[in-house]
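# Examining the three-dimensional arrangement
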Amino acid sequence: QVQLVDSGGGLVQPGGSLRLSCAASGFTFSRYDMSWYRQGPGKERELVATITTAGGTTNYADSVKGRFTISRDNAKNMVYLQMNSLKPEDTAVYYCNAVHGLLPGLNYWGKGTLVTVSS
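No experiment lies behind these values; they were computed from the predicted model shown. (Residues numbered from 1 in each chain as written. Predicted model: local features only at pLDDT ≥ 70, side-chain atom pairs only at ≥ 80, totals over all residues. Heavy atoms only, no water.)

### Considerations on the state of the cysteines
- Here the structure, examined in full by the defined rule, presents one disulfide.
- One disulfide bridge connects Cys22 with Cys96, the sulfur atoms lying 2.2 Å from each other. Across the S-S bond of Cys22 and Cys96 the torsion is about -85°, and the bridge reads as left-handed. With Cys22 in strand 3 (residues 18-25) and Cys96 in strand 9 (residues 92-100), the pair connects residues that are 74 residues apart, well separated along the chain. Residues Cys22 and Cys96 agree in their burial class; the two are buried. (Disulfide = S-S within 2.5 Å. Helix = DSSP H or I, 4+ residues; strand = E, 2+ residues; numbered from the N terminus. Buried < 20%, exposed > 50% of the residue type's maximum accessible area, 1.4 Å probe, protein only.)

### Observations regarding the pattern of salt bridges
- In this structure the tally under the stated criterion is four salt bridges.
- Of the charged contacts, one joins Glu46 and Arg38 as a salt bridge, the two residues approaching to 2.7 Å between their closest N and O atoms.
- Residue Arg38 is classed as buried on the basis of its relative accessible area of 6%.
- If you follow the salt bridges from partner to partner, you end up with Arg38, Glu46, Arg67 and Asp90 in one network. (Salt bridge = Lys/Arg side-chain N within 4 Å of Asp/Glu carboxyl O.)

### Quick word on the packing of aromatic side chains
- This structure, assessed with the given rule, holds five aromatic pairs.
- Ring centres of Phe27 and Tyr32 lie 4.7 Å apart, and the angle between their planes is 65°; this geometry places the pair in the edge-to-face category.
- For Phe27, a relative accessible area of 12% puts it in the buried group.
- In this structure Tyr32 comes out as buried when scored by relative accessible area, which is 4%. (Phe/Tyr/Trp six-rings, centres within 6.5 Å; stacked < 30°, edge-to-face > 60°.)

As structure tokens, then:
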């Protein structure tokens, strides 16, 4: 059974940090590109960051470049999103996503973890 369990969200003050985690199971993790998406209040879901299968390439939305870092541990089937210098506009539900490196039809989602940035 395929599962992506995202966690680590919470309430943080502006300028603070959080680390999101996503635990994968039920598929060959190392063959999947991993991403974090987010959906803020009243907004569409947007891509935040992506890391390729071996972790050699990362890409970020312009709004988070220099503040967020995506990483993965293929031995532990985990992907992370380190978020620093958080802003109120980063408030959203964050979702982990897995897409097969060669077969994009194989696409899985976590249930999301809520990040609230507020004083």
